[in-house]
Amino acid sequence: MTDTFPRARTAIAGLATFGVGETPGYSSMELTVQAALLAVADAGLTLPEIDALFICQPDDFFAGLSFAEYLGLQPRYTDNNRTGGSAFMSHMASAALMLEAGYIDCALIAYGSNQRSAGGKLATKITSNQWDAPYAPIFPLTGYALAAARHMHQYGTTREDLATVALSARAWARTNPEAFARGPLTLEDCLSARMVSTPISVRDCCLVTDGAAAIVMTRTDRARDLARPPVPLLGAAAATWWNSVAQSKDVTVTAAKESGARAMAMAGVTPRDVRTAQLYDAFTINTILFLEDLGFCPKGEGGRFVSSGAIAPGGSLPVNTNGGGLSCCHPGMYGLFAVIEAARQIRGEAANQIDGADVALAHGNGGTLSSQATVVLGSMATL
Amino acid sequence: MSPEAPFPEAHWRGALAEGRLLLQRAPDGSAVFPPRLAAPGTGAPLEWFEASGRGRVYTLSWISRKPPAEPYHVALIDLDEGARLMSRVEGVTPETLAIGMRVEAFVDHDGEAPLLLFRPVED
């Protein structure tokens, strides 16, 4: 079955991040609201024009309802989807279809967390399922470690390859003022880092930061008349193949293979057309898996691809140009920050701007490589 | 569903308490774990059968603890019948436990609830 999607009929009209890094004193909701207000203002819209909310907060099961109450909105639709860090790409797919149908006119997608200032613990109370829990895997980290160990066994991927993902992310972060981790990082730092769950060391893990992000989506014909250049949504697809990694058929192949292929088909692009990719890098293995599954290199070649320098500054495929979850920010869920970096690249205002970035991909991941969602953004020139 | 097994999860745990590892089989012959009411993908009825308990380590991770506590591990085990599950292999070290190692199941009754574990066996 081929997907039907309103290619480029909807667009990101406004966007903002707020409080990225360390912003003590704010609650998660306050960070989120501040980002949302900035995104609405960025679009040149006013709050009453928002008629749909897509919210997923770390610490509030009913966050969509709380958010509506806080803003004093009575949305025509409120979505409280919880598919982990990929939720925001799924939100975009839903919002696009609703906007195209005329069911809503202006969608606000927002997220924020004070995870770092609140003590660094993952605020979301999610654990392993009843079958896995007795063996005490670190949730979600060990799930990724199991995939990484198998990838190393099956394809010869090395810890140096994993470290190169972290080093590439840091190289981008060093020239992004918004990035939280901008200090020097060496291969030796990575290889000698404390092991958490083999083969994943602390340097293979994303940051724990505060931060909030928000985007406003409207139909593209309306976005043309608003304050900022529209960033049309060319394709968006979500896929789920498992929840626990124990139930994967092949733990080295994620549902990104499906979500990426579908989103790119909707967009009418191939991996070759993607000028920059923003991939949810909760752990270094993620970047390698998603590069393969999204078709940027063959399965099993991800380690060698990153070690060739392909994803770092000056490489053939700029990846996570803000520094990613590994070096820019990771407030519990990163998906919306990947979307915003992709949109900033299309708008030509990224800290590490890629020349001619007219097609950008953002990929979100949730759970333990469980939920995968991909969006493809284009410039108005790609319509 | 057989009348003696109306609750798949409880039925599986009951068998484990008796030292037996049960799996379910779908009409296409594939083995199913965790226990379910219906075959994944089709919704077809499932039949119980007792697994051999033999399998192979598919992947593993050693988890660090604050010294002096030793690291422990988590492994995904591919049972010979086809199902995959999370468990742990007893009597191994980071030097001896490896992907591909042959293992067999046993039930540990020392904890709060019976626990499915594995031990190495000759290939």
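The shown structure was predicted, so the numbers you read here are calculated from the model rather than taken from an experiment.

The rules we used
- Residues numbered from 1 in each chain as written.
- Chains lettered and ligands numbered in written order.
- Predicted model: local features only at pLDDT ≥ 70, side-chain atom pairs only at ≥ 80, totals over all residues.
- Helix = DSSP H or I, 4+ residues; strand = E, 2+ residues; numbered from the N terminus.
- Buried ≥ 20, exposed ≤ 12 C-beta atoms within 10 Å, placed from the backbone.
- Contact = placed C-beta atoms within 7 Å.
- pLDDT = per-residue confidence, 0-100.
- Pairing = 2+ DSSP bridges.
- Axes fitted to C-alpha atoms, helices over the stretch in contact; angles between N-to-C directions.
- Expected span 1.5 Å × (residues − 1).
- Parallel < 35°, antiparallel > 145°, perpendicular 65-115°, else oblique.
- Nonpolar A, V, L, I, M, F, W, Y, C, P; charged D, E, K, R; others polar.

Novice: What am I meant to see in the overall build of chain B here?
Specialist: Scanning chain B from terminus to terminus reveals one helix and eight strands. Counting from the amino terminus, chain B carries its helices and strands in the arrangement α-β-β-β-β-β-β-β-β. For chain B, the spread of C-alpha atoms along the three principal axes comes to 50 × 30 × 25 Å. Buried positions account for 28% of the 123 residues belonging to chain B. Sequence-distant contacts in chain B: of pairs separated by 6 or more residues, those separated by 24 or more amount to 47%.

Novice: Teacher, can you tell me more about the confidence of the model for chain B here?
Specialist: Regions with low pLDDT should not have their predicted coordinates read in detail. Confidence along chain B averages 95 in pLDDT terms, with 95% of residues attaining 70 or more. Both scores are available for the predicted complex, with the pTM at 0.97 and the ipTM at 0.96.

Novice: Any chance you could explain the environment of K299 of chain A here in plain terms?
Specialist: Residues and elements named next belong to chain A. Residue placement: K299 occurs in the loop between α9 (284–293) and α10 (302–307). When the C-alpha positions of K299 and E69 are compared, they lie 46 Å apart, and in sequence the two are 230 residues distant. Setting aside anything within four residues of it in sequence, one finds K299 in contact with V253 and E292.

Novice: Just to check I follow, could you spell out the sheet that holds strand β1 (residues 10–21) of chain A for this structure?
Specialist: Hydrogen bonding along the main chain pairs the strands of a sheet, whether they run parallel or antiparallel. Residues and elements named next belong to chain A. A sheet is described by the order of its strands in space; here nine strands give the open sequence β3-β2-β4-β7-β1-β8-β11-β10-β9, paired in mixed fashion. Edge positions in the open sheet fall to β3 (77–79) and β9 (276–279), since each of these has one partner strand only. Taking the axes of each pair of neighbouring strands and ignoring which way they run, one obtains an average angle of 20° across the sheet. As judged from the two bridges shared by β1 and strand β8 (residues 231–240), these two strands associate in the antiparallel manner. Each bridged residue has a counterpart across the sheet, and for A11 the counterpart in β8 is P232. Strands in contact with helix α1 (residues 28–43) are β1, β4 (107–113) and β7 (210–219); relative to β1, the strand with the most contacts, it is inclined by about 140°. Strands in contact with helix α2 (residues 63–71) are β2 (52–55) and β3; relative to β2, the strand with the most contacts, it is inclined by about 130°.

Novice: Which parts of the structure should I look at to understand helix α3 (residues 87–101) of chain A?
Specialist: Each α-helix winds once per 3.6 residues, and so residues spaced three or four apart point in a common direction. Residue and element names in this part refer to chain A. In a regular helix each residue adds 1.5 Å, so 15 residues correspond to 21 Å; α3 covers 21 Å between its end C-alpha atoms and thus fits that length. In terms of residue burial, α3 counts as a mostly covered element, since eleven of its 15 residues are buried. Along α3, the residues classified as buried are A87, F88, M89, S90, H91, M92, A93, A95, A96, M98 and L99. The first or second residue beyond α3 is G102, which carries a positive phi of 80°.

Novice: So what exactly am I meant to see when it comes to the sheet that holds strand β1 (residues 22–25) of chain B here?
Specialist: All names here are of chain B. Reading across from one edge, β2-β1-β3 is the order of the three strands in this open sheet, with antiparallel pairing throughout. With one partner strand each, in any of the chains shown, β2 (31–32) and β3 (47–50) form the two edges of the open sheet. As paired strands, β1 and β3 are joined by four bridges and run antiparallel to one another. Each bridged residue has a counterpart across the sheet, and for R25 the counterpart in β3 is E47.

Novice: Please explain the pairing of strand β6 (residues 84–87) of chain B as it appears in this structure.
Specialist: Consecutive side chains along a regular strand alternate between the two faces of the sheet. All names here are of chain B. Here β6 shows no split at all, with R84 and M86 on one side and L85 and S87 on the other all buried. In this sheet, β6 lies alongside strand β5 (residues 72–79) in antiparallel orientation, the contact comprising four bridges. Within the sheet, the bridge partner assigned to A75 lies in β6 and is S87. The hairpin turn running from β5 into β6, its antiparallel successor, is four residues long, and G82 in that turn takes a positive phi close to 125°.

Novice: Teacher, can you tell me more about the packing of helix α5 (residues 159–173) of chain A against α9 of chain A here?
Specialist: Helix packing geometry: the angle between the two helix axes and the distance between the axes. Residue and element names in this part refer to chain A. Where α5 contacts α9, the axes come no closer than 8 Å and their chain directions differ by 95°. By the angle between their axes, α5 is roughly perpendicular relative to α9. For the pair formed by α5 and α9, the contact residues are D161, L162, V165 and A166 on the first element and T284, I285, T287 and I288 on the second. For the contact of α5 with α9, a count of residues per class yields five nonpolar, two polar and one charged.

Novice: Which parts of the structure should I look at to understand the interface of chain B and chain A?
Specialist: Contacts between the two partners involve 17 residues from chain B and, on the opposite side, 19 residues from chain A. Going through the elements one at a time, β4 (54–63), β5 and β6 of chain B are the ones with two or more residues in the side of chain B that touches chain A. The dominant element in the side of chain B that touches chain A, judged by the number of residues it contributes, is β4 of chain B, at six residues. Of the residues belonging to the side of chain B that touches chain A, the class tally is eleven nonpolar, four polar and two charged.

Novice: Explain unusual backbone geometry to me, please; I cannot follow it from the model alone.
Specialist: Between F139 of chain A and the following residue, P140 of chain A, the backbone shows a cis peptide bond with an omega angle of 0°. Here P140 of chain A shows up in the loop between β4 and α4 (141–155). For the bond from P67 of chain B to P68 of chain B, the omega torsion is 10°, close enough to zero to count as cis. One can find P68 of chain B in the loop between β4 and β5. Residue A136 of chain A is not a glycine yet carries a positive backbone phi of 60°. Mapped onto the fold, A136 of chain A is located in the loop between β4 and α4. Of note in the backbone geometry, N320 of chain A takes a positive phi value of approximately 50° without being a glycine. One can find N320 of chain A in the loop between α10 and α11 (324–327).

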